[in-house]
Structures are given as C-alpha cells and as structure tokens.
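Secondary and tertiary structure notes
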Amino acid sequence: MLAAIALLAASVLALAALLVWWAYPKRPVDSVWVRPAGLAVFKFTDVPRGRVLAPEEADAYARRVLAGMTLEQKVLQMSGDTWLWDFTGQRLIGRPWRSGRDRRAGLPALVHSDGPRGVGLGSSTCFPVPMARAASWDRGLERRIGEAAAAELRAHGGRMWLAPTVNLLRHPLWGRAQETYGEDPFLVGEMGAALVEGAQGQNVLATVKHYALNSIERTRATVDVRADERALREVYLPHFRRVVEAGVAVVMSAYNRVGGDHCSESRHLLREILKDEWGFRGFVVSDWFFGVHDGVKAAEAGLDLEMPMARVFGRKLLAAVRRGEVKAEVVDEAALRILRRRIEMETRPDPRAYGPDLIRSPDHVRLAGEAAEKGLVLLKNEGPLLPLSRDTTKTLAVIGALAAAENLGDRGSSRVYPKDVVTPLAGLRAFLGGQTRVVHDDGADPARARSVAAGADAVVVVAGFTSRDEGEYLPFALFDETETGGDRAQLALEDPDRALILAVGDANPRTIVVLEGGAAITVEDWKDRVPAILMAFYPGEQGGAALARLLFGAVNPSGKLPFTVPRDGGQLPSFDNVSPSVEYGYYHGYTLLEKRGQEPAFPFGHGLSYTRYVYENLALDATAIGEDGEVRASVDVTNAGTRPGEEVVQLYVGFGRSRVDRPRKRLRGFERVALGPGETRRVTIPVKAKDLAYYDPVARKWVVERMEYDVLVGPSSRPSELLVVVVTVVD
Ligand code: BGC
C-alpha cells in the first residue's frame, strides 16, 4: 500500500516536473557580448524623440539599433517576458503583458494589455462590446473609442493594445461573437480600421486579431479550418487587409489551423499574403497560450513575436539558427520589424499627457453612454408602443434577473473591470426619478411576474445570455471564476426566458422585450406575442442609462443590425465545434439567405427609429467607369417625422450579371447622417471599381468583370427597401 502511494506520488511529481520543463520559459542566455567590430553601438534611446519619423527614417534607425545587437539579443526580442510564476494564483488578472526589454539596447519593456471592450487594467472604462458598436455603423464614434481606450492604456503605462478583433461572424453561436463587428467583411473592416486609427493616434500599437478564420471557441486550439481561395480572399480576409492598409502596427495570428498549418506557422497567411502581397510593415505576434508549436516553422513562416514567453523560440530558436535550420536573416527581419514599429510609435510626440485622471474620466464614461445609445437596435415597434411617455407610465414593471445584473459580456481576455455599472433597472430608476413607480420582479416565478406585469402601465422584460453562456473558451479556471464561456449552446433564449416572455406578453399588451447577447438570438416562437423588441447586446457600463433614455424617447434609436437574425438554425451554415476539421464555405449570413431565397426574421442592416426616413432620387455621377475608376452614388434622405434622428444609409452592389458564382449583393459603403424633422440631405457614397472584383484562384489575381453592376441604396439589406441604379465597368 505504502509503496503504491509512494509510486503514485513519484509519478505525480515527475509529471509536474515534466510539465514545468515543457512550459518553462526558455530564454537564450547572452553571457558573452561581443560588440560588432567597427560599430559604435547605437541604442533605442539614441533615436531622436519628439518628432514624427518618416517610414524610411524609422527603418534606418531600427537598422542601426539592430546592428549593435548580438544574435542572442535579437532572438530575445522575439519572445514575451512573462515568467511561469506569473501564471500562478491571481497574478494574471488585470496585469499587463511585457516583451522586448533589453537594457543594453536601451529598450524598455513593451507593455501590452487586452481589449477590445476597453482596457483590461485597473478600473478602466467599459465600453459596449464591439458588436454593439458595430450596430452604430459610426466610424467616428469607433475612432473616439479607440482614442479613449488607448489614452487609458497609456495612463496605465501600456503601449500595445490587443485590439481590434475582426474575425468574421460566420455563425452566431461563436462564443466570442461579441468581440467582433458582425457578419459583413466591409462593415468589419471599416469599424476595425476606425478603432486602429483612433488608438494609434495616441502612439499605441494596435493589434488586429486573430488572423485568420478563428470563429469557433471549443476547438480553437486544434481545429483545421478549410476554405477555398475565393472564400478566403473574398469573405474571410478583406477586413484584415483593410485594417492592415489603415496602418495597424501588429497582427496577432490565430490559434486554429488553416489548410493544415497552425496560423502562427502558415507561410501562406503570414509571408505570402500578409507581408508580401499586402505589404504589411509591422510585426506578427502569436496568440497566447501554446499558440506556437514548431518554432522553426513559425519563424520561417513569418511569425515575429512569440507570446507570452519563450517556449519554442528563445534558446530553441537560437540553436536552430546555429544549426543552420533557420536563416539568420529571418531573425534579423523579425527583430527589425519589432524595432521599426517601436521606434516609429514610441519616439513620436504625444498629442496629450497621460495622467491617471484619464482612466474612467467623465468624458470616457459619457462616450461609453453615447456608444450604448447608438448601438441599441429597435427590431420591432408595433403600435408604435415606443417611446413610452413619462406622464402616462405611472407604474413600470421591469422583469427578469438580467434587469438587475451587471451583464458586461465575456470574462475571458476581453474583460474590463469598471467601478460602477448602470444596470437596466438602475438606469430606469435614475431616469424616471420618483415620478414613475418602478417595480422589479426577477421572473423566477412566472405566475408572480404575470401579476406584476398585469398591474403595470408598461412592462420591460430583460432576457438573454451572460458570460456563463458565451465568451472566450478557457478550459481551466485561469481567471478568478470558474465560468468559462465558450460557444453558446443555442440560438433561442432558454426555455424559462421564453415562457416568461409569453406569460408576461399575455398579461400586458404593452410589453417590450430587451435582449442581451453577443450575436443573433432567434425569436420566432414569441416575436408575434409582444409589440416591441430591442437588441441591447452587452451595452457596457452605461448600458442601463442608455436604455432608459431610449425607451422614454430622450434618444431616438439609430442602431442597425450588423448581422442577420435568422428564423432558425436551418438558415445558417453549419456550426461544428467538435470535429478536428471544418469547411468554411463562400456563403453565410445575408449572402446565404439571398442565394437560397429565404426570408430572415430580421435582415442585416435592419433597425427602426421613432421617425420615418424617405429615400429618393438615387443617381450616379457616371454610368460607366474603368477598372481604376470610382463612381459616386448620391441619394436624398428625408426625415419625414417630427423628431430629430440619425440614419445609416447603406450601399450594396449587385453582381447578378456575373459569369462566376457570386452573391446577389454585398455591402460596399455606408454613411451615418443626422437629420432634423422635415430635413432632407443628399448623401454621397463612393465605390471604387476595384472593390467590385472577385478573386480568380487559377490566375491568382483579382478580376474586375467588365459588366453592369447594380448599385442599391437604402435603409437595410431588405430588397424591397432599396433603390437601384446601374453602373457599367468598361475597358
Ligand atoms: C486570446 C487573445 C488575447 C490573449 C491575451 C488569448 O487567449 O485569444 O485574444 O489577446 O489571450 O490575453
């Protein structure tokens, strides 16, 4: 018996030792430092500060710093500085990551922190999740959020922000759907680029992630996602390219595989497409936890920085270079890319000072509120029941546990820790003051909720999902709680929530359902039983205040769906989070429904307001353009109601006359416009001919067909709401 116990203990110890050895940071030891002959060492600290360097100048300085570095120093630049003990206990929570500290080269640590909902350090401002911000279709707002979050990061001492997430929403069950900007590559690209521009204006290195095809949680570390070259180029990569063209400093590779290779080791993705074809000048960082497997392959494929510590780079990479398995130029290139970006962005004059007063400043909290207001999507409003009147609503019933919950979204890497959160209940109470009696019932007992609802002048039911149901998949309790998120299990609300809505809707015909969640929630079985439905996503720390203002008409709703709400799962592509290999096809979202001729519950781009907008006189400034040309579509938009409002004008291009298989139409432009009552504005949206191209996988190039294209403009993707004109691309 004793022997057995001893054997067991020994095996456990041996296993633990093996694990530690396997995971332990393997940094190169750089004991002998030989100054390269004839070169005075030029350090990072010798680069002149306080002026904007042209790219060639930054490159020249980076090369001078590099020339003074040994191979060991260069290899050190390629790994994070996290130590194994940093992973113990609570040390990871709300702490920054670091890389690149090298005193001899004059390099301070590059301090990183997560996003994209805000900054994951201290008590920073918690903005609505990006999916809610996407529903604003407001590039300027997203740029300001980028600025605000980056300013807070700087105030915390950080320089690199792990945001934005621009993986395409292929299916609403993806656990991290909330972190991205929807199902459409154009919208995702525009919003991602805006966030990057805002953040980088504060001299913060933004990091676009996760490159590429990362939209399943449960199998994210292993799944091999297969997509043919057209689906890849036309559907899954355009938004990454857009963000790269906007000048993003860093690209994070994804955990999953694409076409057999882990993304951190994919020469096709990293070297051929990103660096060679798109001309990306920044550096590629791996995703965090065991995201790189074969260091030699990764380095050769174009991975520049392994995070959070040296596991397969470090000493192993150094040895591989010495053995001639990895070319020294590969290490030079990686270190150069990192140094160049750091020099470019860390020596620039700052637009402001970054004092601690910036963290959750009143301006930033107000911005979170504005974003929440603009991101709420009014899906249905029969009657119209909304807006409610303060004068006639003497008693308001607020039903559901979520009404009183701080429901901010994922508790994985995108978590933010704000000090105060305005819940829907608190927001309504504060907005209504003492004038209206606000009664809350958590809905646990439907009969009781029914009677509370029956006695009220109006009812708000808050239902949906939380971080328990969806979020980043963390298979072990890495953070402070055991909730792990992962992919959502169902498209519809859970049964008790549906039963509650039906009960309350029956008891009071003035019932409004407010949905919380990261992406589409199906509503078919109860949609016709309530007059009003509002999609709130995870609306951030000021969400409850925004909701109250919107329900009572202090704000006119203006959000539009960044995804399709299907009637049921049959309208979606398959979602497989168990198989080792999955295929991503060319169609999903509205392109799939339109291809099949199906009607969704609510179409992509849909969102109502308390006023009415009329679209007229769509015209183009040219009817024929060349391959390098651009056409400008203009349309009169009138606010035909009595309240001021903001409308999102959408432009789609139709490919019905193509010789190849293409979607009916795709979004190619949008503009948000503010209109007073009775006001008309002519809105102009440009479209470039090159953005009409398809990818020819045989010729390996983009082809702009010489043909007629429909240009469709209107308030959503619903065909009956769009005006149409035709443009021809000619030789
Ligand atoms: C996530 C990244 C995140 C990183 C660092 C990873 O697990 O996929 O999005 O930036 O952790 O927290």
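This write-up is about the structure you can find in this document.

Thresholds, definitions, all that
Residues numbered from 1 in each chain as written. Predicted model: local features only at pLDDT ≥ 70, side-chain atom pairs only at ≥ 80, totals over all residues. Heavy atoms only, no water. Helix = DSSP H or I, 4+ residues; strand = E, 2+ residues; numbered from the N terminus. Rg over C-alpha atoms; globule rule 2.2 N^0.38 Å. Contact = heavy atoms within 4.5 Å. Areas by Shrake-Rupley, 256 points an atom, 1.4 Å probe, with all protein chains shown as cover. Near = heavy atom within 4 Å. Polar contact = N/O pair within 3.5 Å; in protein donor to acceptor, adjacent residues only side chain to side chain. Core = buried A, V, L, I, M, F, W, Y, C linked by side-chain atoms within 4.5 Å. Buried < 20%, exposed > 50% of the residue type's maximum accessible area, 1.4 Å probe, protein only. Phe/Tyr/Trp six-rings, centres within 6.5 Å; stacked < 30°, edge-to-face > 60°. Lys NZ or Arg CZ within 6 Å of the ring centre and 35° of its normal. Pairing = 2+ DSSP bridges. Lys, Arg positive; Asp, Glu negative; His and termini not counted. Salt bridge = Lys/Arg side-chain N within 4 Å of Asp/Glu carboxyl O. Expected span 1.5 Å × (residues − 1). Arc of directions from axis to C-beta. Axes fitted to C-alpha atoms, helices over the stretch in contact; angles between N-to-C directions. Parallel < 35°, antiparallel > 145°, perpendicular 65-115°, else oblique. Left-handed = near helix turned anticlockwise from the far one by under 90°. Nonpolar A, V, L, I, M, F, W, Y, C, P; charged D, E, K, R; others polar.

Regarding the overall build of the protein
Looking only at helices and strands, one finds 18 helices and 26 strands in the protein. For 731 residues, the compact-globule estimate of 2.2 N^0.38 gives 27 Å, and the C-alpha radius of gyration of the protein, at 27 Å, lies within 12% of that figure. Each of the three principal axes of the protein carries a C-alpha extent, and together these read 85 × 80 × 50 Å. Contacts in the protein between residues far apart in sequence, at least 24 positions, make up 78% of those at least 6 positions apart. For the protein, the exposed surface amounts to about 26,800 Å²; the carbon and sulfur share of it is 53%.

A short note on the site of the ligand
The environment of the ligand is formed by 14 residues, the closest being D114, H210, Y255, D287 and E472. Between the ligand and the protein, one listed contact pairs an oxygen atom with a side-chain N or O atom of R176 at 2.8 Å. Taking K209, its side chain carries an N or O atom lying 2.9 Å from an oxygen atom of the ligand. In the complex, 98% of the free accessible area of the ligand, which totals 310 Å², lies under the protein chains.

A look at the nonpolar core
Among the nonpolar cores identified, the biggest contains 84 residues, and W161, Y211, L237, V248 and L667 are the most heavily contacted of them. Not counting the four nearest positions on each side in its chain, L667 is found in contact with W137, D184, F186, L187, Y590, F604, Q650, L651 and Y652. If you look at the next biggest cluster of nonpolar residues, it comprises 39 residues, including V129, A449, A519 and L561.

Remarks on the packing of aromatic side chains
One pass over the structure, following the stated rule, counts 16 aromatic pairs. Ring centres 5.3 Å apart and planes at 40° place the aromatic pair Y236 and Y584 in the tilted group. Taken together, the residues Y236 in helix 7 (residues 229-236) and Y584 in the loop between strand 16 (581-583) and helix 18 (589-596) connect sequence positions 348 residues apart. In this pair, the class of Y236 matches that of Y584, namely buried. An aromatic cluster is built from W137, F186, Y590, F604, Y652 and F670, whose rings are joined through pairwise contacts. The cationic tip of R139 hangs over the ring face of F670; the distance from NZ or CZ to the ring centre is 3.9 Å.

Regarding the sheet that holds strand 21 (residues 665-675)
On the basis of which strands lie adjacent, the open sheet formed by five strands has the order 18-26-25-20-21 and mixed pairing. Of all strands in the sheet, those bounded by a partner on one side alone are strand 18 (624-625) and strand 21. In this structure, strand 25 (residues 708-714) lies alongside strand 26 (residues 723-729), joined through six bridges in antiparallel fashion. What sits directly across from V711, in strand 26, is V725.

Looking at the side chain of D487
Structurally, D487 can be placed in the loop between strand 13 (458-464) and helix 16 (495-507). An unpaired buried charge is present at D487: no salt bridge exists, and R218, the closest side chain of opposite charge, is 6.7 Å distant. A distance of 2.9 Å separates a polar side-chain atom of D487 from the backbone nitrogen of E217. Within the structure, D487 has its side chain in polar contact with the side chain of N577 (distance 2.9 Å). Leaving out residues up to four positions away in the same chain, D487 has contacts with L173, W174, G175, I216, E217, R218, D469, F575 and N577.

What to know about helix 2 (residues 55-67)
With 13 residues, helix 2 extends 18 Å between its outermost C-alpha atoms, agreeing within 8% with the 18 Å of an ideal straight helix rising 1.5 Å per residue. Elements in contact with the buried residues of helix 2: helix 3 (71-77) and helix 12 (328-346).

Let's talk about the pattern of salt bridges
Any two side chains of opposite charge can pair, so long as their charged atoms come close to each other. Scanning the model with the defined rule gives 63 salt bridges in all. Note that R154 and D350 form a salt bridge whose closest N and O atoms lie 2.8 Å from each other. With R154 in helix 5 (residues 139-155) and D350 in the loop between helix 12 and helix 13 (362-375), this pair connects stretches of sequence that are 196 residues apart. A relative accessible area of 35% means that D350 is categorised as partly exposed. Counted as one network, the salt bridges with shared partners bring together D138, R144, E370, K374, E646 and R672.

Considerations on helix 8 (residues 238-245)
All of the buried residues along helix 8 are H239, F240, V243 and V244. The buried residues of helix 8 occupy an angular sector of 145° when projected down its axis, which confines them to one face. Contacts made by the buried residues of helix 8 are with helix 6 (185-200), strand 4 (205-211), helix 7, strand 6 (250-253) and helix 9 (267-277).

Here we look at the sheet that holds strand 22 (residues 680-688)
Taken together, three strands build an open sheet; the order of strands is 17-19-22 and the sheet is antiparallel. Both edges of this open sheet fall to strand 17 (613-620) and strand 22, since each of them pairs with a single strand only. Shown here is a sheet whose adjacent strand axes are inclined to one another by a mean of 25°, direction ignored. Pairing geometry for strand 17 and strand 19 (residues 630-639), over six bridges, is antiparallel.

Describing the packing of helix 5 against helix 13
Describing two packed helices takes the angle between their axes plus the distance from one axis to the other. Packing of helix 5 against helix 13 leaves a shortest axis separation of 11 Å and a crossing angle of 150°. The orientation of helix 5 relative to helix 13 falls into the category roughly antiparallel. The two elements helix 5 and helix 13 meet at a crossing, and its hand is left-handed. On helix 13, the residues touching L141, R144, I145, A148, A151 and E152 of helix 5 are H364, L367, E370, A371 and K374. Each residue belonging to the contact of helix 5 with helix 13 can be placed in one class, and the counts come to six nonpolar, one polar and four charged.

Some thoughts on the side chain of K74
Relative to the helices and strands, K74 is located in helix 3. Polar side-chain contacts of K74 include one of 2.8 Å to the side chain of D332. In this view, K74 contacts L66, M69, V331, D332 and A335; residues no more than four positions away in its chain are not counted.

Details of the environment of A601
Its place among the elements puts A601 in the loop between helix 18 and strand 17. Since its relative accessible area comes to 8%, A601 is described here as buried. A C-alpha to C-alpha distance of 7.8 Å links A601 and T522, two positions 79 residues apart in sequence. Filtering out sequence-adjacent residues up to four positions away, A601 remains in contact with E524, K527, V565, P566 and R567.

Some words on the packing of helix 7 against helix 8
Contact geometry for helix 7 and helix 8: axes closest at 5 Å, N-to-C directions at 50°. Here helix 7 lies oblique to helix 8, going by the angle between them. The residues of helix 8 that touch helix 7, namely those facing L232, R233, E234, V235 and Y236, are P238, H239 and F240.

Considerations on unusual backbone geometry
Going from K209 to H210, the amide bond is cis rather than trans, its omega being -5°. Mapped onto the elements of the fold, H210 is located in strand 4. Here the bond from Y211 into A212 is cis, since omega is 10°, no more than 30 degrees from zero. Even without glycine at this site, R700 takes up a positive phi of about 55°.

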